[in-house]
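Overview (structure and organization)
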Amino acid sequence: QQQVKQSPQSLIVQKGGIPIINCAYENTAFDYFPWYQQFPGKGPALLIAIRPDVSEKKEGRFTISFNKSAKQFSLHIMDSQPGDSATYFCAGAGNNRKLIWGLGTSLAVNP
Amino acid sequence: GAGVSQSPSNKVTEKGKDVELRCDPISGHTALYWYRQSLGQGLEFLIYFQGNSAPDKSGLPSDRFSAERTGGSVSTLTIQRTQQEDSAVYLCASVLGPGETQYFGPGTRLLVL
C-alpha cells in the first residue's frame with residue numbers, strides 16, 4: 001500500500017512536444033502529490049504539487065492531471081524545451097507528510 | 001545561507017573505513033530528511049528528524065548507518081565499515097515544518113572502493 005509506481009522510466013521528445021509522465025498510487029490515505037525535478041549533479045526541487053480535491057493544476061507549462069477514482073496522476077509539460085531535460089519524480093504522502101517516491105523518469109528534450 | 005548545503009560534495013573511501021557526511025539545513029527549518037540515491041534510481045528514505053521528537057530511523061539499511069542532529073540544526077550521517085554497495089549519492093532535505101516542501105541540498109557523492 002506504500003508504493004508509487006511511475007512510468008515511463010525514460011522518455012525522449014522533440015522540442016515543442018508534450019511529454020507525459022504517469023504515476024499510480026495504492027494508499028487511499030494519500031492526500032498530497034508533488035512532482036520534483038532533478039538536474040544532473042543537483043538535488044531534486046519541487047516543481048508542482050496537487051491535492052485530491054482538484055482534478056487539474058497548472059503552473060506555467062507544467063500541468064498535473066489527477067484521477068482520484070483510478071488513483072493515478074500525471075505530469076504534462078507543454079511546449080517542452082531542451083532545458084526541461086531532467087529527471088522527474090512523483091511522490092505521494094498522507095497526513096504524516098512522509099513522501100513515498102516513484103523511481104523517476106529521465107526526460108530528454110531534443111532541440 | 002540561501003539553501004541547504006552538504007559536505008563534502010564528493011567522497012572516495014576504501015572499503016571498511018568510516019565516513020561522515022554533513023548537512024547544513026536552512027535556518028529555522030525544524031525538520032530534516034536523509035535519502036540515498038543510487039545511480040539511476042529513485043530516492044531511498046533513510047532517516048527523518050522533526051524538532052525534538054525521536055527520529056524516524058525506519059529507513060536505515062543496517063546498523064552501520066547512524067545519524068544525529070545537533071542543536072536542531074546541523075546533521076551528520078555516519079556510515080561505519082563502508083561497503084561497496086554503500087556507493088551512492090546521499091541527499092539531505094530541509095523542511096520548515098510537517099507537511100511543508102522539502103528543500104534538497106546538492107548531495108554528497110560517495111564512492112567506496
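Residues numbered from 1 in each chain as written. Chains lettered and ligands numbered in written order. Predicted model: local features only at pLDDT ≥ 70, side-chain atom pairs only at ≥ 80, totals over all residues. Heavy atoms only, no water.

**Here's the deal with the overall build of chain A**
- From N to C terminus, chain A includes 0 helices and 11 strands.
- Going residue by residue from the N terminus, the α and β elements of chain A occur as β-β-β-β-β-β-β-β-β-β-β.
- For 111 residues, the compact-globule estimate of 2.2 N^0.38 gives 13 Å, and chain A sits close to it at 13 Å.
- For chain A, with 111 residues in total, the buried portion stands at 46%.
- Of the contacts made within chain A by residues no fewer than 6 positions apart, 53% connect residues no fewer than 24 positions apart. (Helix = DSSP H or I, 4+ residues; strand = E, 2+ residues; numbered from the N terminus. Rg over C-alpha atoms; globule rule 2.2 N^0.38 Å. Buried < 20%, exposed > 50% of the residue type's maximum accessible area, 1.4 Å probe, protein only. Contact = heavy atoms within 4.5 Å.)

**Here we look at the pattern of salt bridges**
- According to the stated counting rule, one finds 7 salt bridges over all chains in the structure shown.
- The salt bridge involving Lys 57 of chain A is made with Glu 59 of chain A; its shortest N-O contact spans 3.7 Å.
- A relative accessible area of 37% means that Glu 59 of chain A is categorised as partly exposed.
- Residues Arg 36 of chain B and Glu 44 of chain B are paired through a salt bridge, measuring 2.9 Å at the closest nitrogen-oxygen approach.
- For Arg 36 of chain B, a relative accessible area of 11% gives the class buried.
- Take Glu 44 of chain B: its relative accessible area is 31%, and that puts it in the partly exposed class. (Salt bridge = Lys/Arg side-chain N within 4 Å of Asp/Glu carboxyl O.)

**Focus on the sheet that holds strand E7 (residues 62-67) of chain A**
Residue and element names in this part refer to chain A.
- Taken in spatial order, the 5 strands of this open sheet run E1-E3-E8-E7-E6, and their pairing is antiparallel. Each edge of the sheet is formed by a strand with only one pairing partner; in this case those strands are strand E1 (4-7) and strand E6 (56-59). Ignoring strand direction, the axes of neighbouring strands in this sheet form an average angle of 15°.
- Across 5 bridges, the pairing between strand E3 (residues 20-25) and strand E8 (residues 72-77) is antiparallel. If you follow Ala 24 over to E8, its bridge partner there is Gln 72. (Pairing = 2+ DSSP bridges. Axes fitted to C-alpha atoms, helices over the stretch in contact; angles between N-to-C directions.)

**Some words on the packing of aromatic side chains**
- In the structure shown here, the tally under the stated rule is 19 aromatic pairs over all chains.
- Through a chain of ring-to-ring contacts, three or more aromatic side chains come together here, namely Tyr 36, Phe 89 and Trp 101 of chain A together with Tyr 33, Tyr 35, Phe 45, Tyr 48 and Phe 104 of chain B. (Phe/Tyr/Trp six-rings, centres within 6.5 Å; stacked < 30°, edge-to-face > 60°.)

**Considerations on unusual backbone geometry**
- Note the cis peptide between Ser 7 of chain A and Pro 8 of chain A, where omega equals -5°.
- Looking along the chain, the bond that leaves Ser 7 of chain B and enters Pro 8 of chain B is cis, with omega of -10°.
- Assignment of secondary structure puts Pro 8 of chain B in the loop between strand E1 (5-7) and strand E2 (10-13).
- In this structure, Lys 71 of chain A takes a positive phi of about 55° despite not being glycine.
- The partly exposed category is assigned to Lys 71 of chain A, whose relative accessible area is 27%.
- We note that Asp 79 of chain A has phi near 45°; this positive angle belongs to a residue other than glycine.
- By the secondary structure assignment, Asp 79 of chain A is in the loop between E8 and strand E9 (86-92).
- Taking the relative accessible area as the measure of exposure, Asp 79 of chain A reaches 42% and is therefore partly exposed.

**Some remarks on the pairing of strand E8 (residues 88-95) of chain B**
Residues and elements named next belong to chain B.
- For E8, a buried count of 8 out of 8 residues is recorded, marking the element as mostly surrounded by other parts of the structure.
- Residues of E8 alternate between two faces, with Ala 88, Tyr 90, Cys 92 and Ser 94 on one and Val 89, Leu 91, Ala 93 and Val 95 on the opposite face, all of them buried.
- Pairing between strand E4 (residues 31-37) and E8: 7 bridges, direction antiparallel. Counterpart to Tyr 35 in the pairing with E8 is Leu 91.
- Direction of pairing for E8 relative to strand E9 (residues 102-104): antiparallel, over a ladder of 3 bridges. By the bridge assignment for E9, Val 95 is matched with Gln 102.
- Between E8 and E9, which follow one another and run antiparallel, lie 6 residues, and Gly 99 among them has a positive phi close to 85°.

**Comments concerning the sheet that holds strand E7 (residues 75-79) of chain B**
All names here are of chain B.
- Here we have 4 strands laid out as an open sheet, ordered E1-E3-E7-E6, and antiparallel in their pairing. With partners counted over all chains shown, the strands left at the sheet margins are E1 and strand E6 (65-69), one partner each. Neighbour-to-neighbour, the strand axes of the sheet open up by a mean angle of 15°, direction not taken into account.
- When E1 meets strand E3 (residues 19-24), the two strands line up antiparallel, connected through 3 bridges. Paired with Gln 6 across the strands is Cys 23, a residue of E3.

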